[in-house]
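# Summary of the model geometry
Chain by chain, the residues:
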Amino acid sequence: MQTKRYDIETARLEKATALPGFERTTLDIPKKKGLLIIGLLLLASAILIAFVISYKILFIIYTIYTIFIFMVYLVLWLDNSQYYGKSYKKIEKWPSVSIIIPSYNTIHTIFKCLESCKNLDYPGKLEIIVVDDGSTDGSYEKLKDDRSIILLRKQKNEGKAAALNFGIARTNCDIIGCVDSDSYPHKNTLINAIPYFEDGKKVGAVVLFIKTTSPTNLIQATQEIEYWLACGFLFKTIASIECLYLTPGPMSLYNKKMFEELGGFDEKNLTEDMEIALRMQRHKWRIHTCHSAVVETEVPATLTSFCKQRLRWARGGIMNIMKYLDMFFNPKYGTFGLFILPITLGSGFFAAFFMFWMLFNLFKTTIEGATLWFSNFYIMFITTMDININIDLFFIDSTLLIGAISFLIWAYFVYIGFEIANEKPSLKHVLPIFNMVYLYPIFVGLIFLFAYIYELSEKEYTW
Amino acid sequence: MNPFLKAAILTIIVIVFAFLMIMQLDNMRLDYLKKDIGIMTYTEQSREVILDYYYIMDNNSSKLCEHLSNLHKKQFVSVYSLATKMQEYQKKSVFNYEYEVLKNSYFLSLLKVYIHSFENNKLCGKNEVPLVFFYSETTNCQLCKVQNDILSNIAKKCKNIRIYAFPSDSSIEIITILSKKYNVSSVPSIVIDDKEKLDGLQRADMIIEILNKTGGQCS
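Now for a quick tour of the structure. (Residues numbered from 1 in each chain as written. Chains lettered and ligands numbered in written order. Predicted model: local features only at pLDDT ≥ 70, side-chain atom pairs only at ≥ 80, totals over all residues. Heavy atoms only, no water.)

### So, the overall build of chain B
For chain B, the helix and strand inventory stands at 7 helices and 4 strands. What you see in chain B, going N to C, is helices and strands ordered as α-α-α-α-β-α-β-α-β-β-α. In chain B, which comprises 219 residues, the proportion classed as buried is 48%. Sequence separation of 24 or more characterises 74% of the internal contacts of chain B that already satisfy a separation of 6 or more. Carbon and sulfur atoms provide 58% of the accessible area of chain B, an area that totals close to 11,100 Å². (Helix = DSSP H or I, 4+ residues; strand = E, 2+ residues; numbered from the N terminus. Buried < 20%, exposed > 50% of the residue type's maximum accessible area, 1.4 Å probe, protein only. Contact = heavy atoms within 4.5 Å. Areas by Shrake-Rupley, 256 points an atom, 1.4 Å probe, with all protein chains shown as cover.)

### Topic: the environment of Thr297 of chain A
Residue and element names in this part refer to chain A. Considering the arrangement of structural elements, one finds Thr297 in strand 8 (residues 286–297). Put simply, Thr297 and Gly249 are 48 residues apart on the chain and 9.9 Å apart in space, counted from C-alpha to C-alpha. Filtering out sequence-adjacent residues up to four positions away, Thr297 remains in contact with Asp182, Ser183, Ile210, Lys211, Thr212, Thr213, Tyr227 and Pro250.

### A closer look at the packing of helix 2 (residues 55–79) of chain A against helix 13 (residues 398–420) of chain A
Residue and element names in this part refer to chain A. Interaxial distance between helix 2 and helix 13 falls to 9 Å at its minimum, and their mutual angle equals 30°. In terms of axis orientation, helix 2 runs roughly parallel to helix 13. Here the hand of the crossing between helix 2 and helix 13 comes out left-handed. Facing Lys56, Phe59, Ile60, Thr63, Ile67, Phe70, Met71, Tyr73, Leu74, Trp77 and Leu78 of helix 2, the residues of helix 13 in contact are Thr399, Ile402, Gly403, Ile405, Ser406, Ile409, Trp410, Tyr412, Phe413, Ile416 and Ile420. (Axes fitted to C-alpha atoms, helices over the stretch in contact; angles between N-to-C directions. Parallel < 35°, antiparallel > 145°, perpendicular 65-115°, else oblique. Left-handed = near helix turned anticlockwise from the far one by under 90°.)

### Describing the sheet that holds strand 2 (residues 161–167) of chain B
Residues and elements named next belong to chain B. The strand order across the open sheet formed by 4 strands is 2-1-3-4, and the pairing between neighbours is mixed. The open sheet has two free edges, formed respectively by strand 2 and strand 4 (196–199), since each of these has just one partner strand. Strand after strand, the sheet turns through a mean of 20° between neighbouring axes, direction not considered. Of the pairings in the sheet, the one linking strand 3 (residues 189–192) to strand 4 comprises 4 bridges and is antiparallel in character. Across the sheet, residue Ile192 finds its bridge partner in strand 4, namely Glu196. Against the sheet, helix 5 (residues 142–157) makes contact with strand 1 (129–135), strand 2 and strand 3, and its axis sits at roughly 165° relative to strand 1, the strand it touches most. (Pairing = 2+ DSSP bridges.)

### Observations regarding the nonpolar core
In terms of nonpolar packing, the biggest core is built from 137 residues, with Ile99, Ile101 and Leu253 of chain A touching the most fellow members. When residues in this core are grouped by element, the largest group, 13 residues, is from helix 2 of chain A. Sequence-distant contacts of Ile99 of chain A, that is, excluding residues within four places in its chain, are made with Cys117, Leu120, Leu126, Glu127, Ile128, Ile129, Gly177, Val179, Leu190 and Met251 of chain A. Judged by nonpolar contacts, the second largest core, of 49 residues, contains Leu102, Leu110, Tyr135 and Ala204 of chain B. (Core = buried A, V, L, I, M, F, W, Y, C linked by side-chain atoms within 4.5 Å.)

### Focus: a nonpolar patch on the surface
Residue and element names in this part refer to chain A. A surface patch of nonpolar side chains, about 470 Å² in accessible area, is lined by Ile49, Val52, Ile53, Ile57 and Ile61. Along the chain, Ile49 turns up in helix 1 (residues 33–52). Owing to a relative accessible area of 48%, Ile49 belongs among the partly exposed residues under this scheme. (Patch = residues over 30% accessible without salt bridge, like charges linked within 9 Å, V, L, I, M, F, W, Y side chains within 5 Å. Salt bridge = Lys/Arg side-chain N within 4 Å of Asp/Glu carboxyl O.)

### A closer look at the environment of Val207 of chain A
Residue and element names in this part refer to chain A. Looking at the element boundaries, Val207 is found in strand 6 (residues 203–212). Relative accessible area serves as the criterion here: at 1%, Val207 is assigned to the buried category. Each residue touching Val207, except ones within four places of it in the same chain, is listed here: Phe235, Leu244, Leu246, Thr247, Pro248, Ile287, His288, Thr289 and Cys290.

### Digging into the state of the cysteines
Residues and elements named next belong to chain B. Enumeration over the complete set of coordinates arrives at 1 disulfide over all chains. Residue Cys65 pairs covalently with Cys124 via a disulfide, S to S 2.1 Å. Taking the sign of the S-S torsion, -95° for the link of Cys65 and Cys124, the bridge is left-handed. Taken as a pair, Cys65 in helix 2 (residues 61–74) and Cys124 in helix 4 (residues 99–124) lie far apart in primary sequence, 59 residues in all. Given the relative accessible area of 19%, Cys65 is considered buried. By relative accessible area, Cys124 is classed as partly exposed at 32%. (Disulfide = S-S within 2.5 Å.)

### A few points about the packing of aromatic side chains
Think of a pair of aromatic rings as described by two things: how far the centres are apart, and how the planes are tilted against each other in angle. Residue and element names in this part refer to chain B. Tallied over the full model, the rule gives 25 aromatic pairs over all chains. Aromatic pair Phe19 and Phe95: ring centres 6.3 Å apart, planes at 65°, arrangement edge-to-face. Of this pair, Phe19 sits in helix 1 (residues 3–56) while Phe95 sits in the loop between helix 3 (81–92) and helix 4; the two residues are 76 residues apart in sequence, bridging distant segments of the chain. Taking the relative accessible area as the measure of exposure, Phe19 reaches 21% and is therefore partly exposed. For the pair Tyr114 and Tyr164, a centre-to-centre distance of 4.9 Å together with 65° between the ring planes defines the contact as edge-to-face. In this pair, Tyr114 is assigned in helix 4 and Tyr164 in strand 2, connecting sequence segments 50 residues apart. Here the two residues Tyr114 and Tyr164 agree in accessibility, since each one is buried. (Phe/Tyr/Trp six-rings, centres within 6.5 Å; stacked < 30°, edge-to-face > 60°.)

What follows is the structure in structure tokens.
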């Protein structure tokens, strides 16, 4: 790789040379259309069966499945509490850290991001590299004046993964922090997280606690809770058994040696952060989580952009499942292959399936209820009669009791999420939590289904 | 210990606990219904015993009429609410195989009360207007629910009526015979005083008008 070819600002890059043995990966995704079709048929048959058998049986089966999975997480959480409290404070020689920020038309957020990166507290060597991915909004020209950063320019826009690889190849620091241009690490992020690399084992990456910036509307508020639950509770739990399958894009720290061994990011992948984590799992590199290192990230504020983002994640997920299909149910990969991967896929499948079921029931009850109320009102107006309202203590559905148990466990997880995020539950969290319970499963199901169909029809990828 | 094994054991414990709770709730519902239906059958049995007593041991017809009308007033007949409750409870329960038997015994008791009311009229003279309301059990009949609400209100307003509700598509043979007798072809359908038949959804003022003509004493 020729560094010199990129003429601008190269004077400050004399030391950085392309690493020997470092190759950019552009691994093609195998087209397994047959498998996708089988998956779709499975879903269709499950829906058909659902209409034949009683909804009660279905609900009970689903709840038992959910309770089991929740119980696994609960047990893991309670069993591995010593992992979470583990501290790696004694560090003698701080490794050199390079922060790489890919930037493409990010004039609104890049400066805030840079500011928080410059404010990072770190006793060792710290360099900040911005890789401009052919921006056209003038952010590159503005960044040129900044002498404290290393600015690289790619002429052709090739996506985030390519920009990251471009930056990684031009640094010789031990640790690489990949930061999104719309994410803002807190001051003590590095000082808390870097010691996790001194584990004595092959640590490929350290995942930080990703939070959203303070929400402005309901969509963001819902995502806030979701991030606490996913990046907070879930990641912490599955990292304790070395099963983390994602190194979040907003900011993660990687070991340079890992890139040298496994290659860079997959440039054709939609979710390169998931792909690299799966690759690390395959080659037995450890992924740690550090929850005292907090990174704030901007999340979509409109439904359209939110859907777009999730659709990309879901498609990337399906893509990577196809790519690493041999790891599924493979005892070679232990708990990761036998439990975590199938559960992750199964959740999407169940969500899509239950989305249909819930929508159908919602539609049915709405129609019934509307007819009844409409007719009642009609009668009321023409005869001036009052409507009977019967309140009955026994009006609780028995199956709800069993559902309530899984809800209670889930509520405990939310509580843990609040604790990890150092937040106090308040009235403003009620609606987002309600959303998470009722609308989120439907939403996830819809997204999963659409992603599936897009993948099947080979719709073109867009970022 | 393996965390998965631990989780499995915990799940089993939780599920067993949940099912015990469900069973308890379902049983409570059943007991509640059984109590009401029990009162109905008990009152009907005492009526038979009283009749036997006066026919066989004491031929005092004036005392008999007094007893009969007292019992008939005591007889618990709720419009359609007990049947609706049964249907709802059945839907809401997981262990619900007892409901079919319970339903049959309820409708048979209700039929007994209806048929015996004619005998009472013969013996002691007419003292109330019977109103039979046919609805559908198997199909999703929204208008029946509306009609039920209307009838429940009428029951409160009128002193001298009694409302019986039967599913016209029931598997009980005598209900089918009854609906054939009244030429019931569609639901909801109302038969007032054994002769006046009204098809379709009826407004409260219409029904009250007819009831007042036949002596329902409605306000």
